[in-house]
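Residue-level structure breakdown
So the chains spell out like this:
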Amino acid sequence: MSEIMKITILIEKENGIQQKAEVTQELGATLLSTLRKMNLISESFCGGIGKCGRCRVQFIEGAPIPTAVERSQFSPDELREGYRLACMVRPKNSCVIRLAWKESYQMDIITDVMKMSQENDLIGQHEKTAYEDQKAVSHQEEAEHTKACCPVCLVAVDLGTTTIAMQLRELSSGRVISSYCETNPQRCYGADVLSRIQAAGQGHAEEMKESVWQVIRRGMKQFTRSIVCISIAGNTTMEHLLMGLPTESLGISPFTPVEIGLQETQFEGIPVYVMPGISTFVGGDIVAGLYYTGLLKFAGNASVLFLDLGTNGEMALTDGKRMLVTATAAGPAFEGGAGAAVPGSDMIALMASFLRDGIMDETGLLAEPYFTEGIRVFPDKDSNPEKSIFVTQQDIRALQMAKAAVRAGVEILWKKMGCPVIEQVYLAGGFGYYLDVKAAIAIGLLPKEMCGNVKAVGNTSLAGAYQIGKDLYCGRTDKKREMESVLQKLCTRELPIESINLAKQEHFEERYLRNLNFGL
């Protein structure tokens, strides 16, 4: 018979009252599995392998000896205070614990950055041409057409690997009426797409699909307006899981998607458009961004680089005549350090300051005593420990590998395009909005030649999902035909777009290793 032990869990409520819950657990089981059964922890951001450091608990009594993984996630003082990771702990004796779950950082949903720049005439000619084309119809004509054909609102969805963001937008103007944002519940199966593909293959595909539709359902309940359609943009894996498509071929060479074109379905009687992609590595979220920025029209001769740096680092480079696209695995580094729960833009600023102040060398190694113990940073002036950020060597290494992969990808696209002068860099998402470009250049994420040419364009996945959804649902006849023509050419590979698999590029590994160092 299995040995049974008692675990007492101290739960602190929002009103400050502490409650106790007593459960039993079999010897050999992880504490995380028990907490899940009690619905006290709904997710583990790395699939329960100790990489993210978020499933924190504090042992008040009966603390076990820390594992090597836990030693890398906590400071010596925290370990002495009984802090452990629920996914690593397999209690051998009865114990008392306190939940110390560390919440992830939620990035703001920013979609109006590009529009504001356009209105203020602060944009380049390439972007202005695309914008003026969108504005060709008078406001009066559009209002009359919308009133006749397009009642009220559209819901745009950015189906991210980490976060699902939804916006209720007025169909005629694009004005954001309401927003809803929630962590992607699939994160309990892992933080990246490969772990989700593996989980789907192990029989979890249906529950993963339903969990995302439940998020969409919760978001829709928050929106009180009449909704005519839903437009969803996500990477190829997220869209496959959403639509219940097999994902096995996405995880093995030659990485072939089951469906890459525009998909249409229904959600509780409402039409749903799921954005088309370009390849397994460059999905509907990037297509939405390219459509929104006007880059899919291949107008003009300007060389423009598009970067969307999240869990997956997608990028596109165009010279106005053709386009090269690719993606690289970045992990959670650009969305927050594993255990620090800090946005990646702040991590980049910290790394730049560490490098400048001699706390960290160019190889990413912290000076003593920080190398052994990590370093605690206090963002606020009163040094409130609850708001402190604890940065470990592991956090630095994660950012280091992500930035090396992205920089190597940018260099390969630039080389294959013929080494053009890049006149504009679009940084998509909240990460790009908050990024200190000088810090990014200081640590080597972006080449120094790009300084002054970088522009934050907000969440182009959401903005593009709205624009495509609107054009498909109720655009003027010529506008709809144009949209359908673009999508048709995209799906039939008639557009001059080439998808690059970085892993197969001759010099990728060499460039990746060279870019591991900070301060290039």
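Everything here concerns the structure above.
Every chain's residues receive numbers from 1 upward, in the order its sequence appears when written. Totals for whole chains, interfaces and linings use every residue, but because this is a predicted model, local features are given only for residues with pLDDT of at least 70 and side-chain atom pairs only at 80 or more, for both listing and counting. Heavy atoms from the whole structure form the basis of all side-chain values; hydrogens and water molecules are not counted.

1. A look at the sheet that holds strand E10 (residues 263–267)
As a reminder, the rule being used: In this analysis, strands are considered paired if DSSP registers two or more bridges between them. Helix and strand assignments come from DSSP, with helices taken as H or I runs of at least 4 residues and strands as E runs of at least 2, each series counted from the N terminus. Whenever a helix is involved, its axis is fitted only over the stretch in contact; in every case the axis is a line through C-alpha atoms, and angles between N-to-C directions fall within 0 to 180 degrees.
In spatial order, the strands read E8-E7-E6-E9-E11-E10; together these six strands make up an open sheet with mixed pairing. One side of each edge strand has no neighbouring strand; the edge strands of this open sheet are strand E8 (176–183) and E10. Strand after strand, the sheet turns through a mean of 20° between neighbouring axes, direction not considered. Both strand E7 (residues 163–170) and E8 contribute to a ladder of seven bridges, which runs antiparallel. By the bridge assignment, leucine 168 is partnered in E8 with serine 178.

2. Describing the pairing of strand E17 (residues 424–428)
As a reminder of what qualifies: Remark: exposure states derive from per-residue accessible area (1.4 Å probe, protein chains only) relative to the maximum for the residue type, with buried under 20%, exposed over 50%, and partly exposed in between.
Extensive coverage of E17 is indicated by the burial of five of its five residues. Side chains Gln424, Tyr426 and Ala428 of E17 all project onto a buried face; the interleaved residues Val425 and Leu427 project onto the opposite face, where all are buried too. Looking at chain direction, strand E12 (residues 304–309) and E17 are connected through five bridges and run parallel. By the bridge assignment, aspartate 308 is partnered in E17 with alanine 428. Looking at chain direction, E17 and strand E18 (residues 454–458) are connected through four bridges and run parallel. Directly across from tyrosine 426, in E18, lies its bridge partner lysine 455.

3. Notes on the nonpolar core
Note the following rule: Throughout this description, the term nonpolar core refers to a set of buried Ala, Val, Leu, Ile, Met, Phe, Trp, Tyr and Cys residues connected via side-chain atoms within 4.5 Å. What makes two residues a contact is simply this: any of their non-hydrogen atoms within 4.5 Å.
Counting 45 residues, the largest nonpolar core has Leu307, Phe334, Ile348, Met351, Phe354 and Leu445 as its most contacted members. Of all the secondary structure elements, the ones that give two or more residues to this core are E12, strand E13 (312–318), helix H10 (344–357), strand E15 (375–377), helix H12 (393–416), E17 and helix H14 (437–443). With eight residues, the single largest contributor to this core is H12. Dropping the residues within four chain positions of it, leucine 445 is found in contact with Leu309, Phe334, Ile348, Lys403, Val406, Arg407, Phe431 and Ala440. Listed in part, the 38 residues of the second largest apolar core include Val228, Ile286, Leu295 and Ala465.

4. Here we look at H12
The line we're drawing: For a helix, the expected span equals 1.5 Å multiplied by the number of residues minus one.
In a regular helix each residue adds 1.5 Å, so 24 residues correspond to 34 Å; H12 covers 35 Å between its end C-alpha atoms and thus fits that length. Burial runs high along H12: 17 of the 24 residues are buried.

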